[in-house]
Amino acid sequence: MAGPWTFTLLCGLLAATLIQATLSPTAVLILGPKVIKEKLTQELKDHNATSILQQLPLLSAMREKPAGGIPVLGSLVNTVLKHIIWLKVITANILQLQVKPSANDQELLVKIPLDMVAGFNTPLVKTIVEFHMTTEAQATIRMDTSASGPTRLVLSDCATSHGSLRIQLLHKLSFLVNALAKQVMNLLVPSLPNLVKNQLCPVIEASFNGMYADLLQLVKVHVLPWRALYPHFKTRKQIQTREETSQGHWGSNRSPAGSSAAPRTGPEVSLERIDRLEFDLLYPAIKGDTIQLYLGAKLLDSQGKVTKWFNNSAASLTMPTLDNIPFSLIVSQDVVKAAVAAVLSPEEFMVLLDSVLPESAHRLKSSIGLINEKAADKLGSTQIVKILTQDTPEFFIDQGHAKVAQLIVLEVFPSSEALRPLFTLGIEASSEAQFYTKGDQLILNLNNISSDRIQLMNSGIGWFQPDVLKNIITEIIHSILLPNQNGKLRSGVPVSLVKALGFEAAESSLTKDALVLTPASLWKPSSPVSQ
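Every chain's residues receive numbers from 1 upward, in the order its sequence appears when written. Restriction of local features to residues with pLDDT of at least 70 applies here, the model being predicted, together with a cutoff of 80 or more for giving and counting side-chain atom pairs; totals for whole chains, interfaces and linings are based on all residues. Excluded from the side-chain calculations are hydrogens and water; all other atoms, namely the structure's heavy atoms, are used.

**So, the overall build of the chain**
Runs of E in the DSSP output that reach at least two residues are strands. Runs of H or I that reach at least four are helices, and both are numbered from the N terminus. Each helix and strand counted, the chain has 13 helices and 21 strands in total. Counting over 531 residues, the chain shows a buried share of 49%. Here the contacts in the chain between residues at least 6 apart in sequence split such that 71% fall between residues at least 24 apart. What sets the accessible areas is the Shrake-Rupley method with a 1.4 Å probe; for residues, cover comes only from the shown protein chains. Surface exposure of the chain reaches about 25800 Å², of which carbon and sulfur atoms provide 54%. Only protein chains enter the area calculation, which uses a 1.4 Å probe; residues under 20% of their type maximum are buried, those over 50% are exposed, and those in between are partly exposed. Whether two residues are in contact is decided by their heavy atoms: any pair within 4.5 Å suffices.

**Notes on the packing of aromatic side chains**
For Phe, Tyr and Trp, where Trp contributes only its six-membered ring, two rings pair if their centres lie within 6.5 Å, and the inter-plane angle classes them as stacked under 30 degrees, edge-to-face over 60, or tilted in between. Within the structure shown, the criterion is met by six aromatic pairs. Here Phe327 and Phe503 contribute two aromatic rings whose centre-to-centre distance is 5.5 Å and whose plane-to-plane angle is 50 degrees, an arrangement assigned as tilted. Of this pair, Phe327 sits in strand 12 (residues 327-332) while Phe503 sits in the loop between helix 13 (496-500) and strand 19 (506-510), and the two are 176 residues apart along the sequence. For the pair Phe327 and Phe503, one class covers both residues: buried. Think of it as a cone above the ring: NZ of Lys or CZ of Arg counts as a charge over the ring if it is within 6 Å of the ring centre and within 35 degrees of the ring normal. Here Lys88 stacks its cationic end above the ring of Trp86, 5.2 Å away from the centre of that ring.

**Some details on the nonpolar core**
Working definition of a nonpolar core: buried Ala, Val, Leu, Ile, Met, Phe, Trp, Tyr and Cys residues. They are joined through side-chain atoms within 4.5 Å. Judged by nonpolar contacts, the single largest core of 133 residues is most densely connected at Leu58 and Phe423. Looking at this core, the element that brings in the most residues is helix 6 (residues 175-219), giving 20 residues. Setting aside anything within four residues of it in sequence, one finds Phe423 in contact with Ile368, Leu410, Glu411, Val412, Leu456, Asn458, Ser459, Ile461, Phe464 and Leu469. Counting 10 residues, the second-largest nonpolar core is a separate cluster that includes Ala285, Tyr294, Ile330 and Ala514.

**Some details on the environment of Ala429**
Here Ala429 is to be found in strand 16 (residues 423-438). A C-alpha to C-alpha distance of 5.4 Å links Ala429 and Ser450, two positions 21 residues apart in sequence.

**A closer look at the pairing of strand 15 (residues 401-413)**
In this structure, strand 14 (residues 384-398) lies alongside strand 15, joined through 12 bridges in antiparallel fashion. Within strand 15, the residue paired with Ile397 across the bridge is Ala402. In textbook terms, the turn of a hairpin is the stretch between consecutive antiparallel strands, and for strand 14 and strand 15 this stretch comprises two residues, one of which, Gln399, has a positive phi near 55 degrees. Pairing between strand 15 and strand 16: 11 bridges, direction antiparallel. If you follow Val404 over to strand 16, its bridge partner there is Ser431. Strand pairing requires that DSSP identify at least two bridges connecting the strands.

**Focus on the pattern of salt bridges**
When a carboxyl oxygen of Asp or Glu lies within 4 Å of a side-chain nitrogen of Lys or Arg, that pair is called a salt bridge. This structure, assessed with the given rule, holds seven salt bridges. Salt-bridge contacts for Lys337 lead to Glu394; the nearest nitrogen and oxygen are separated by 2.7 Å. Of this pair, Lys337 sits in helix 8 (residues 333-343) while Glu394 sits in strand 14, placing them 57 residues apart in sequence. What makes Lys337 partly exposed here is its relative accessible area of 29%. Here Arg453 ties to Glu428 by a salt bridge, and the two come within 3.6 Å at their closest N and O atoms. Of the two residues, Arg453 sits in strand 17 (residues 441-459) while Glu428 sits in strand 16, which places them 25 residues apart along the sequence. One network of salt bridges, with partners in common, ties together Glu278, Asp280 and Lys298.

**What to know about helix 12 (residues 470-489)**
Its 20 residues give helix 12 an end-to-end C-alpha distance of 26 Å, which sits within 8% of 28 Å, the value for a rise of 1.5 Å per residue. Within helix 12, the axis deviates most sharply at His478, by approximately 30 degrees. In terms of residue burial, helix 12 counts as a mostly covered element, since 14 of its 20 residues are buried. Given a helix with a known number of residues, its expected span is that number minus one, times 1.5 Å. Here the bend at a residue is taken as the angle between two axes, fitted respectively to the seven residues that end there and the seven that start there.

**Here's the deal with the state of the cysteines**
Here, two cysteine sulfur atoms that lie within 2.5 Å of each other are counted as a disulfide. The full count for this structure, using the stated rule, is one disulfide. Here Cys158 is linked by a disulfide to Cys201, with a sulfur-sulfur distance of 2.1 Å. Torsion about the S-S bond of the Cys158 and Cys201 cystine: about -75 degrees, corresponding to left-handed handedness. Here the residue Cys158 occupies a position in strand 6 (residues 152-160), and Cys201 occupies one in helix 6, the gap between them amounting to 43 residues. The pair formed by Cys158 and Cys201 is uniform in burial state, with each residue classed as buried.

**Concerning helix 2 (residues 33-46)**
For an α-helix, 3.6 residues make a turn, and residues three or four places apart therefore share a direction. With 14 residues, helix 2 should reach 20 Å at 1.5 Å per residue; the first-to-last C-alpha distance of 20 Å fits that figure. Along helix 2, the positions that sit buried rather than exposed are Val35, Ile36, Lys37, Glu38, Lys39, Leu40, Thr41, Glu43 and Leu44. Positive backbone phi, approximately 55 degrees, marks Asn48, located one or two places after helix 2.

**Some words on the packing of helix 2 against helix 6**
Throughout, an axis means a line fitted to C-alpha atoms (over the contacting stretch in the case of helices), and angles, computed between N-to-C directions, take values from 0 to 180 degrees. The geometry of helix 2 relative to helix 6 is characterised by a closest axis approach of 9 Å and an angle of 120 degrees between their N-to-C directions. Relative to helix 6, helix 2 is oriented oblique. The element helix 2 and its partner helix 6 pack so that their crossing is right-handed. Contacts between helix 2 and helix 6 involve Ile36, Lys39, Leu40, Glu43 and Leu44 from the first element and Ile204, Ser207, Phe208, Gly210, Met211 and Asp214 from the second. In terms of residue class, the contact of helix 2 with helix 6 is built from six nonpolar, two polar and three charged. In what follows, roughly perpendicular refers to angles from 65 to 115 degrees, roughly parallel to angles under 35, roughly antiparallel to angles over 145, and oblique to any angle outside these ranges. The hand of a helix crossing depends on one turn: near helix anticlockwise from the far one by less than a right angle means left-handed, and clockwise means right-handed. Each residue gets one label: Ala, Val, Leu, Ile, Met, Phe, Trp, Tyr, Cys and Pro are nonpolar, Asp, Glu, Lys and Arg are charged, and the others, such as Gly, are polar.

**Thoughts on unusual backbone geometry**
Here Gln106, not a glycine, exhibits a phi torsion of approximately 60 degrees, which is positive. Mapped onto the secondary structure, Gln106 falls in the loop between strand 3 (98-101) and strand 4 (107-122). Positive phi is not limited to glycine here, since Asp391 has a value of about 55 degrees. Among the secondary structure elements, Asp391 is positioned in strand 14. Residue Asp391 is classed as exposed on the basis of its relative accessible area, which comes to 57%.

Here you go:
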């Protein structure tokens, strides 16, 4: 009969499987073999792997097992071993690593070529006898799904590959010394693989653990949306007139009826919550020759309180193939939408149109004159256009093209003294959203703006068909709203993983449901580990 521990273990394994099956990632970081090799090579350098090779106790290993099971060929060899002054690795290099899919599914095979020159000194000859040694350490990267914790990647089964050891005398000397060197090399054949396994393999495993820890830390780096990098105002923006700019004043001090903001004489910098994105690892996977880190995301305020979770995407992400690209970061449109919404929060603008956009003011007056001449005659030099963005913009991707849709309320006041607007329009507007990169900065720009639908919400000049004003209204919101929103977005979002993975710049593209970041510059592999 199964005990309670067995039942608990089965429940834990089942729960872990169900969690991984139900969590739908909102971002995926795919690392190709080039990045894996580069990161592991750097970790081997940091862990002084070549120093470990130079310190291999060759002579001690040979004396412990003089022939590795091979009968000692005469007393001469034993006598010579006792009189070797020293035997050590003189130079050591770790050559270019290889990362390939393993024969077992969801595993990677890592091959680490070792190149060494060793030498020994003996009273039988005055010079150092040198020989060249090459071998290859192999290890497997696999997923550890033990019940002790979440699924993680581990490196195991480290050893020298069978038949990879080659030892060759560099310089031939006398017959006696050559015979001695041959016996020494024969004794090293069984000793060196054990030394690599016992001395170097722990360093390789530690290097991989360091690489994996760095990757986990890398994906958890906070991503600050644009708003955190751009000053914004608490309730309302007012555009300066040309005359008042020279006098040091800010817009109009009068707030027309219906405004939710109190009049003021200067910009008020907000100290309100600044949202930020943070990614967390849901689970890793190995597919082909790549490591894939499936990520969840969350939105936090300045106090670190989670305001929104993104662990369950509405649909599965489309996973593009790397095609020799070192890495790619795929981010769902839900996460991008939240980042855009955190930046482009609802705002209100009061514009003295005749001072800021005099030509647009003239065309607006002419267009209103076609509807009501008396209303047009009321428009004075202090006419005000009030623009209010409703809620937060909707970001969506359609057929590989990104768009931002937003609801706008626009009111026209005949003068700064007027308490009621001539009319109020509700506008469904949209803009083409274009991502581009500058170094490791991801920048979003809204191109143009169109008034897709205009509705007359309120009118003090009688009912009219609002499409009559479509062109001039689109021109006004394009001139006022678009520069303001692009100004917020222009600071961009730093994508720190680009440089952390060894690249200077990134480029962006869109799939049907996600934003994809890949390296833009040519990748420069680091030099082999040598000493």
